[in-house]
Amino acid sequence: MGYRSGLRSGLVAAVVLIATVTPVLPAQAEPVGAGSYTTSLPAGAALPTACSDLATNPRRHLTANAPAGAVPTNDWWSSLVYKRTECAFSDNLMAHPFSFDTVAGGLGVDYSTTPTITGTATGVGEYHYQYGADFTLGVTGLNAPEAKVDGWTDWTVSPFWSDGARTLRATIGHGSPFVYAKVTGGDARLSFSAAPNVWQNSGSRIGFSVDGHDYVAYAPSGATWNASGNAITSSLAGKGFFSVAVLPGGGDRVALANSYGAYAHAHITGTRVSWNYDQAASAVRATYAFTTQALEGSATGTVVSLYPHQWQNLSGGGTPIANTYISPRGPMKTIVGTSSFTTSTRYNGVLPELPSVAMSGGDLTTLNGFLDQAAQGDPFAGFNNDTYWTGKAVGRAARIAEIADQVNRTDVRDKMLNAIRARLTDWFTASSGKSERVFYYNRNWGTLIGYPASYGSDTDLNDHHFHYGYYIAAAATLAKFDRNWASGGQYGGMVDLLIRDANNYDRNDTRFPFLRDFDIFAGHDWAAGHGAFFAGNNQESSSEGMNFANALIQWGQVTGNNAVRDAGLYIYTTQASAIQNYWFDPQDQAFPQGFEHSTVGMVWGDGGAYSTWFTAEPEKIHGINMLPITGGSLYLGHNPSYIDRNVAEIVRNSGSQPKVWQDIIWSFQALSKPDEALNSFRSTNYTPEEGESRAHTFHWLRNLSALGQVDTSITANHPLHAVFSKGGTKTYVASNLGTAPITVTFSNGTTLNVPAGKTATTGGGGTVDPVPTPTTLHVTSPDKLSTTSGSGARNDAVNSAGGRNFDGVPTNARVYTACGISGTVDPAKQTQFSLNVDSGTGVGNGVQARISYDPNGSGNYTRTETYRYFATDPVNGWENYTQAAGIQAQSGTLANLSNGCVKLEVWSAIGSGSTALRTDATAGEGSRSTVVIPLRTG
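Residues numbered from 1 in each chain as written. Predicted model: local features only at pLDDT ≥ 70, side-chain atom pairs only at ≥ 80, totals over all residues. Heavy atoms only, no water.

**Brief notes about the overall build of the protein**
Move 1: Within the protein, the secondary structure is distributed over 15 helices and 54 strands.
Move 2: Computed over the C-alpha atoms, the radius of gyration of the protein is 32 Å, within 12% of the 30 Å expected from 2.2 N^0.38 for a compact globule of 938 residues.
Move 3: A total of 938 residues make up the protein; the buried ones form 62% of that total.
Move 4: Put simply, of all contacts in the protein between residues at least 6 apart along the chain, 70% involve residues at least 24 apart.
Move 5: Surface accessibility of the protein: about 30,500 Å² in total, with carbon and sulfur atoms responsible for 47%. (Helix = DSSP H or I, 4+ residues; strand = E, 2+ residues; numbered from the N terminus. Rg over C-alpha atoms; globule rule 2.2 N^0.38 Å. Buried < 20%, exposed > 50% of the residue type's maximum accessible area, 1.4 Å probe, protein only. Contact = heavy atoms within 4.5 Å. Areas by Shrake-Rupley, 256 points an atom, 1.4 Å probe, with all protein chains shown as cover.)

**Notes on the pattern of salt bridges**
Move 1: Taken as a whole and judged by the stated rule, the model has 34 salt bridges.
Move 2: In this structure, Asp 278 engages Arg 285 in a salt bridge whose closest nitrogen and oxygen atoms are separated by 2.5 Å.
Move 3: Note on Asp 278: relative accessible area 21%, which makes it partly exposed.
Move 4: A relative accessible area of 32% means that Arg 285 is categorised as partly exposed.
Move 5: Between Asp 506 and Arg 500 there is a salt bridge; the shortest N-O distance is 3.4 Å.
Move 6: Each member of the salt-bridge network shares a partner with another, and the members are Asp 496, Arg 500, Asp 506, Asp 509 and Arg 511. (Salt bridge = Lys/Arg side-chain N within 4 Å of Asp/Glu carboxyl O.)

**Observations regarding the sheet that holds strand β23 (residues 283-294)**
Move 1: Spatially, β22-β23-β28-β25 is the arrangement adopted by the 4 strands of the open sheet, whose pairing is antiparallel. The open sheet terminates on both sides in strands that have one partner only, identified here as β22 (266-278) and β25 (314-316). Strand-to-strand twist in this sheet, taken as the mean axis angle between neighbours without regard to direction, amounts to 25 degrees.
Move 2: Relative to β23, β22 runs antiparallel, the two being bridged by 12 bridges. (Pairing = 2+ DSSP bridges. Axes fitted to C-alpha atoms, helices over the stretch in contact; angles between N-to-C directions.)

**Side note on the nonpolar core**
Move 1: Phe 428, Trp 555 and Tyr 570 are the most contacted members of the largest nonpolar core, which has 208 residues in total.
Move 2: Tallying contributions element by element places helix α10 (residues 562-584) first for this core, with 12 residues.
Move 3: In contact with Phe 428, not counting residues within four places along its chain, are Gly 35, Ser 36, Phe 439, Tyr 471, Trp 485, Tyr 491, Met 494, Val 495 and Leu 498.
Move 4: Core analysis: the second largest hydrophobic core is formed by 27 residues, Tyr 853, Val 906, Leu 917 and Leu 935 among them. (Core = buried A, V, L, I, M, F, W, Y, C linked by side-chain atoms within 4.5 Å.)

**With respect to the packing of aromatic side chains**
Move 1: The final tally for this structure, using the stated rule, is 61 aromatic pairs.
Move 2: Ring geometry for Phe 518 versus Tyr 570: centroids 5.7 Å apart, planes at 75 degrees, classification edge-to-face. Of the two residues, Phe 518 sits in strand β31 (residues 518-519) while Tyr 570 sits in helix α10, which places them 52 residues apart along the sequence. The exposure classification of Phe 518 matches that of Tyr 570, with both residues buried.
Move 3: An aromatic cluster of three or more residues is present, and its members are Trp 155, Tyr 288, Phe 290, Tyr 307, Phe 341, Phe 521 and Tyr 582.
Move 4: Here the guanidinium or amino end of Lys 333 rests over the ring plane of Trp 311, the centre of that ring lying 3.9 Å away.
Move 5: The positively charged end of Arg 694 is found above the aromatic ring belonging to Tyr 686, 4.4 Å away from the centroid. (Phe/Tyr/Trp six-rings, centres within 6.5 Å; stacked < 30°, edge-to-face > 60°. Lys NZ or Arg CZ within 6 Å of the ring centre and 35° of its normal.)

**Some points on the pairing of strand β27 (residues 332-338)**
Move 1: Where strand β24 (residues 302-306) meets β27, 5 bridges bridge the pair, whose relative direction is antiparallel. Within β27, the position partnered with Ser 305 by the bridge is Thr 334.
Move 2: Relative to β27, strand β26 (residues 324-325) runs antiparallel, the two sharing 2 bridges. When the bridges of β27 are listed, Thr 324 appears paired with Lys 333.
Move 3: Here β26 folds back onto β27, and the loop between the two strands holds 6 residues, one of which, Gly 330, carries a positive phi near 105 degrees.

**So, the state of the cysteines**
Structurally, a disulfide amounts to a covalent bond that connects the sulfur atoms of two cysteines.
Move 1: Counted under the stated rule, the structure contains 1 disulfide.
Move 2: There is a disulfide in this structure between Cys 819 and Cys 901, and the S-S distance comes to 2.0 Å. Sign of the S-S torsion, about 110 degrees for the bond between Cys 819 and Cys 901, identifies this disulfide as right-handed. Note that Cys 819 is positioned in strand β45 (residues 814-823) and Cys 901 in strand β52 (residues 897-910), a separation of 82 residues in sequence. One exposure class covers both Cys 819 and Cys 901, and it is buried. (Disulfide = S-S within 2.5 Å.)

**Some details on the sheet that holds strand β15 (residues 188-191)**
Each strand in a sheet pairs with another by means of backbone hydrogen bonds, the pair being arranged parallel or else antiparallel.
Move 1: In spatial order, the strands read β5-β6-β7-β10-β15-β20-β19; together these 7 strands make up an open sheet with antiparallel pairing. The open sheet has two edge strands, β5 (93-94) and β19 (226-228), and neither has a second partner.
Move 2: Bridge count for strand β10 (residues 135-139) against β15 is 4 bridges, and the pairing is antiparallel. When the bridges of β15 are listed, Leu 137 appears paired with Leu 190.

**Re the environment of Ala 29**
Move 1: Tracing the backbone through its elements, the reader meets Ala 29 in strand β2 (residues 29-32).
Move 2: Given the relative accessible area of 42%, Ala 29 is considered partly exposed.
Move 3: Ala 29 sits 407 residues away from Glu 436 along the chain, and the two C-alpha atoms are 14 Å apart.
Move 4: Beyond its immediate stretch of four places on either side in the chain, Ala 29 contacts Ser 36, Tyr 37, Thr 38 and Ala 430.

**Comments concerning helix α4 (residues 361-374)**
An α-helix turns once every 3.6 residues. As a result, residues three or four positions apart point the same way.
Move 1: Along its 14 residues, α4 runs 20 Å from first to last C-alpha, staying within 8% of the 20 Å computed at 1.5 Å per residue.
Move 2: If you check which residues of α4 are buried, you get Gly 362, Asp 363, Thr 366, Leu 367, Asn 368, Phe 370, Leu 371 and Ala 374. (Expected span 1.5 Å × (residues − 1).)

**Thoughts on helix α15 (residues 694-707)**
Move 1: Across its 14 residues, α15 extends 20 Å between first and last C-alpha, which sits within 8% of the 20 Å expected from 1.5 Å per residue.
Move 2: Of all 14 residues making up α15, 13 are buried, and the element is well covered by its neighbours.
Move 3: One or two positions beyond α15, positive phi appears at Gly 708, with a value near 90 degrees.

**A short note on the environment of Gly 69**
Move 1: In this fold, Gly 69 is placed in the loop between β4 (46-47) and β5.
Move 2: Taking the C-alpha atoms as reference, Gly 69 lies 30 Å from Val 558; in sequence the two are 489 residues apart.
Move 3: Sequence-distant contacts of Gly 69, that is, excluding residues within four places in its chain, are made with Arg 59 and Thr 510.

**Let's talk about the confidence of the model for the protein**
Move 1: Per-residue pLDDT for the protein has a mean of 93; in total, 95% of the residues score no lower than 70.
Move 2: The low-confidence segment residues 1-26, where pLDDT is below 50, has 93 contacts with residues more than four positions distant or belonging to other chains.
Move 3: When the criterion is pLDDT under 50, residues 766-772 qualifies, and its contacts beyond four places in sequence or with other chains add up to 18 contacts. (pLDDT = per-residue confidence, 0-100.)

**What to know about the pairing of β23**
For a regular strand, the rule is simple: side chains alternate between the two faces of the sheet.
Move 1: Connecting β22 to the antiparallel partner β23 that follows it, the hairpin turn spans 4 residues, and Ser 282 within it adopts a positive phi of roughly 50 degrees.
Move 2: Pairing of β23 with strand β28 (residues 340-346) involves 7 bridges; the strand directions are antiparallel. When the bridges of β28 are listed, Ala 286 appears paired with Thr 343.

**Some words on the environment of Phe 591**
Move 1: Mapped onto the elements of the fold, Phe 591 is located in the loop between α10 and β34 (602-604).
Move 2: We classify Phe 591 as buried; its relative accessible area is 8%.
Move 3: Spatially, the C-alpha atoms of Phe 591 and Ser 683 are 36 Å apart, while their sequence positions differ by 92 residues.
Move 4: Once residues lying within four places of it in the same chain are set aside, the contact partners of Phe 591 are Tyr 127, Tyr 582, Trp 583, Phe 584, Asp 585, His 597, Ser 598, Thr 599 and Val 600.

This is the structure:
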């Protein structure tokens, strides 16, 4: 995303990479339906490079054996290809349970079990299981000039070394506790910084310990191992292959060595994922399969260690042993002797947008006012012209279009759709000589880059899923209303190219790598194209990755492309589980003890960080894994108690309620406590986050107040569904993007008829319980008016006027607000208040009050009443300031309240001393400060 990973990868790359600008050639437009892309680099555009010819020859670090087609990027091992500095060796490679490095003498191997933790409980901080080689696996005398890539499969890679006389080929991968090796020209050699502790040396097997970690090296039958000083070597009986395994802690290591040994020479030659969406059961099943070659013996299985998001959803493939590995993601459980395993992950649905179950009366008036604001002028004004900010712009417009359609504001809807259509059509057309708003396909890298690029999406191939997810989601919204535009003969083919570039779902399409940005085994995306960092690869905004996955579900559903839809479902369900485990960790099993945070802003290959690439503000460290808020964000609501914990940390670490990105945080909070979030929205003056609008935030918060929390106990046989529960009442929701009515069946037997092109609901959830019509509001610290007494008296300081005159002009005022109030004005009554104040022995002080009314919670206070100031005496003790002081000025007419707001402002009008205002007093303590509003009580 533009906020983060681009700044992450881009800033680092700016130091070590040189952007190559290719001479501009006549534009070569390749038609795709009515759209097109160019194969000539636009004027001034840059490409990836770290070495002299990497831009034009990314295969320079591959051997002739490497697969043909596009070169993978954005993976855990990408720095093997996209070398950043020396053009020779990779940065650290975090596979888990192993981590690796490549050096001239071979493969550095480590099993890191002790985290390094930095930072504070309330400030930025990180934890890393840092790489530090336990040993180097190689060939005696090997001194290779570089490490190349000899091959790869879905989650393994085979680095290759040659110095002309000796070669080493290793196969390493996620989840494999084995390193498989083939050597020529010398003995197998394990090199150490100090002599290892050998605990078994029997025939072709040797067990040894380094830094408290137990390893076993397996040679072919007839071979032996020689441990001498800082090395272990073997001639391998001339057979040229061996393997080394790391053992999990605990248990009998000899027994484990025997168990693992049955598969030591069944070298992994292939890994492959396949998935299936079981629509009736609303589950996504994924099978992770291994192909092995028995270099000795007849074993066909392997040993595989599973991350938490895998073993929590394990449905087949074997039973994990008791011993576990330590990893930056929490405990890894191991299956010994399997050729595949299967996960089945529950899918609780997504929606194009929340249903408008509560948009009537004053709330509809409020929403329409916000929609009018959003429709003024150019919807894209103020957004930069690059791929990321264009994405944010069309994403914002799509959300507005969705809710405008629901409340029959076709004028606003069509304005947004027209703007989206025009902007996407512009980007999807590569006319002659065009250098902006154009997509360029680079055959060497197998990638589609949009220019102007941003945040390293060109030079580093960063963040394509972040940027393009917004385009695809907006296109899905447009497709609901303009199916012709989305057809293959028009611009649907260009949308498909964006999908294939970021996460190609078609293995047979060699123009792009398979699932470029999604790490199949790790279960989540990586943002950096090169992955060349000491801590491995990284990703900040997991939620923008989910935005991409949700966009695939929506686009696939509206266009009838089940292959795209199901790829989106696989990424969405898998990554939702990974996010819960590795970004949020509600079960406290991933973050190490001593890391005192409830979330991380970014996940690194070797750990996590409570930070971002662009700010240290807690609101944004948390919020970057919440935005954008869409109908695909409901996965964030699957654990309401965690939401409360997350929001509480924002307040704790910032020292106040959120001051930036409030709308994003309220929208997240609303998935647990929607009424609190709605009240905050109504009582706070805030600046919307760039990709948000007041219309969308109000629509989201108000409807969640009616719907309640996401109910994960019930699913449906349709991908666009959700269930909510409030006070035991369930609301069932489904969306139909098709052209004919459908019936959706929920897992508890509830059925819902959904008209074509509409979102429908059944059950409760049509109204929100308003605050009971109050007459008395209690002044409570720090900033609320409450229908109930406080919990214990305290004094709020009203700042001094500093000897100046602020009579009638609120200055440095204490502000107290209540929202969600509904009631009818009683013309026989007037506003009353009783404020207990004390200026101590101060002389010449005067405190003043203003009370304002917002009839519908829109933020527009249409009635204000300013009262004459109250001159306090120079004697210690409470004095009572009331409406009897008289109204000094008033404006507007008090109207009936429909989820409206009342605001009290108290300030020093004159004087040089501060004044105490008594707040939060209980009935027993007395001297309570109150405001009585003139509403009917019957």
